[in-house]
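Report on the structure
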Amino acid sequence: QGLLRPGDVLVEGGGGNTGIGLALVAAAKGYRTVQFVPESTSRRKVQAMEHYGAEVVRTPGVPFTDPRHYFHQAAALGRQPGHFYTNQFENTANSQAHYEGTAPEVWRAVGESLDGFVCSCGTGGTIGGFATKFKELKPRMACWIIEPPGSALAPLVAQGAGYVTLGTSPSSGQTRYEADKTVRYAERSPPGIDGVFEGIGIDRVTSNFGRAFDNGLIDGSFSGSEREALEMAHHLMRVEGLAVGPSAALNVVGAVRLAQKLGPGSTVATVICDGAERYTRQFDSEWLEERGLRPQGGG
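In this text the structure is predicted, and so the values were computed from the model without any measurement. Every chain is numbered independently, its residues counted from 1 as its sequence is written. Reporting of local features is limited, given that this is a predicted model, to residues whose pLDDT is at least 70; pairs of side-chain atoms are given and counted only at 80 or more, and all residues count toward the totals for whole chains, interfaces and linings. Side-chain numbers here rest on the full set of heavy atoms in the structure, without hydrogens or water.

**Side note on the nonpolar core**
- Residues grouped as a nonpolar core are buried Ala, Val, Leu, Ile, Met, Phe, Trp, Tyr and Cys residues, joined through side-chain atoms within 4.5 Å. Note on exposure labels: buried denotes an accessible area under 20% of the residue type's maximum, exposed denotes more than 50%, and partly exposed covers the range between, all computed with a 1.4 Å probe on protein chains only. Phe117, Ile127, Phe134, Ile145, Leu156, Phe209 and Ile218 are the most contacted members of the largest nonpolar core, which totals 43 residues.
- Pairs of residues are marked as contacts when any of their non-hydrogen atoms sit within 4.5 Å. Beyond its immediate sequence surroundings of up to four residues, isoleucine 145 is in contact with Val118, Cys119, Cys121, Ile127, Leu153, Ala154, Val157, Phe209, Ile218, Gly220, Ser221 and Phe222.
- By size, the runner-up hydrophobic cluster in this structure holds 24 residues, among which are Val118, Leu230, Ala255 and Leu293.

Okay, here's the thing in structure tokens:
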């Protein structure tokens, strides 16, 4: 599109995983990056970004309406000359990558026997791309989301568009993305235990999430708990030899739930979006014990 110029500084805000990928590509292409992350982001994610040469700025854990939120700090820097705000939330290249790449990859591996897909949502890019592609390939495919405590998206899907309230944000009209002008807010579900999940569970309809939600492509939603995700993470590590992060484990919880809902013989896909090596607290016995989250082995 010609929007990114040689020498520009790439700016992003989020929970860290996209930032790691962006920092990797930027290093390979010769760009600098500045990443704004919530202060709760794991130390290992921050270190990974820094290893690729990114400058990482920790921001307070404040509501989206607060200008100190990582999104707005990133948007403000991205407006400066010589900077480019990639905006993973409203930039639909995010969901398009899944539509063109990841979803067809899964379809080639499984094909017509695939009955359902489920994932949790951070930007909404995964469900936006997967649901759009899968509903084209197989209209009766069941496409669901699973969300952590405190997310607005599970009740939003359950109640429909009437659950949305229009409003503004500190970045309204300040980015090149149309959806930033008027924000579609949704009320969060009751909060859970802080510090388990990173980067999932938001309180607004992004352009990437809207790609699926606005077109009626999301068939339902599950609400998952911290304990379910951590039990699953430890189960996958000990039984399957898979070391996954909390949000990836929640995706697998969703896959089990959707398979149970669809019935015996059904085939359900999800995504393993990160590995356990990026997290320390969630696998620290003392930290888990203090919060009553020590896995009991139920899986």
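**Notes on the sheet that holds strand β1 (residues 9–13)**
- Paired strands, in this sense, are two strands between which DSSP finds at least two bridges. Secondary structure elements follow DSSP: runs of H or I no shorter than four residues count as helices, runs of E no shorter than two count as strands, and numbering proceeds from the N terminus. The four strands lie next to each other as β3-β2-β1-β4, forming an open sheet whose pairing is parallel. With partners counted over all chains shown, the strands left at the sheet margins are β3 (55–59) and β4 (83–85), one partner each. Averaged over all adjacent pairs, the angle separating strand axes in this sheet is 20°, with direction ignored.
- Pairing of β1 with strand β2 (residues 32–38) involves five bridges; the strand directions are parallel. If you follow valine 9 over to β2, its bridge partner there is arginine 32.
- Helix axes are fitted only over the stretch in contact, all axes being lines through C-alpha atoms; the angle between N-to-C directions runs from 0 to 180 degrees. On top of the sheet, helix α2 (residues 43–51) reaches β2 and β3; it is set at about 150° to β3, its chief contact.

**Brief notes about the packing of helix α1 (residues 17–29) against α2**
- Direction vectors running N to C along α1 and α2 enclose 15°, while the axes themselves pass 8 Å from each other. One finds that α1 runs roughly parallel with respect to α2. Here the hand of the crossing between α1 and α2 comes out left-handed. Taken together, the residues of α2 that come into contact with α1 (itself represented by Asn17, Gly19, Ile20 and Ala23) are Lys45, Ala48 and Met49.
- Classes in brief: Ala, Val, Leu, Ile, Met, Phe, Trp, Tyr, Cys and Pro nonpolar; Asp, Glu, Lys and Arg charged; the others, Gly included, polar. The residue makeup of the contact of α1 with α2, split by class, is four nonpolar, two polar and one charged. Note that the term roughly parallel is reserved for angles under 35 degrees, roughly antiparallel for angles over 145, roughly perpendicular for angles of 65 to 115, and oblique for everything else. Each crossing is labelled by how the near helix is turned from the far one, with a counterclockwise turn of less than a right angle marking it left-handed and a clockwise turn marking it right-handed.

**So, the environment of phenylalanine 134**
- Counting through the fold element by element, phenylalanine 134 comes out in helix α5 (residues 125–137).
- Of the residues examined, phenylalanine 134 reaches a relative accessible area of 0% and is grouped as buried.
- In this structure, the C-alpha to C-alpha distance between phenylalanine 134 and glycine 116, residues 18 residues apart in sequence, is 9.0 Å.
- Contacts of phenylalanine 134, omitting those with residues within four sequence positions, involve Ala103, Val106, Trp107, Leu114, Phe117, Pro139, Met141 and Cys143.

**Focus: unusual backbone geometry**
- Phi at asparagine 87 takes a positive value of approximately 50°, unusual for a residue other than glycine.
- Tracing the sequence through the fold places asparagine 87 in the loop between β4 and α4 (93–110).
- A relative accessible area of 0% places asparagine 87 in the buried class.

**Re the packing of aromatic side chains**
- Working definition: a ring pair exists when centres of Phe, Tyr or Trp rings (six-membered ring for Trp) sit within 6.5 Å. Plane angles under 30 degrees give stacked, over 60 give edge-to-face, the rest tilted. Within this structure, the stated rule accounts for eleven aromatic pairs.
- Between phenylalanine 117 and phenylalanine 130, the aromatic rings sit 4.3 Å apart at their centres with planes inclined by 5°, giving stacked as the arrangement. Taken together, the residues span a long stretch of sequence, with phenylalanine 117 in strand β5 (residues 116–119) and phenylalanine 130 in helix α5 at a distance of 13 residues.
- Overall, the relative accessible area of 0% leaves phenylalanine 117 in the buried class.
- The interplanar angle of 25° and the centroid separation of 4.5 Å between the aromatic rings of tryptophan 144 and phenylalanine 222 together place this pair among those described as stacked. On the criterion of sequence distance, the pair formed by tryptophan 144 in strand β6 (residues 142–147) and phenylalanine 222 in strand β9 (residues 220–223) is long-range, its members being 78 residues apart. Like phenylalanine 222, tryptophan 144 is buried.

**Things to note about the sheet that holds strand β10 (residues 268–269)**
- Strand order in this open sheet of four strands is β9-β6-β5-β10, and the pairing throughout is parallel. Two strands in the sheet have a free side with no partner beyond their single neighbour: β9 and β10.
- Pairing geometry for β6 and β9, over four bridges, is parallel. Counterpart to glutamate 147 in the pairing with β9 is serine 223.
- Of the strands in this sheet, β5, β6, β9 and β10 are in contact with helix α9 (residues 246–262), which crosses β6 at around 135°.

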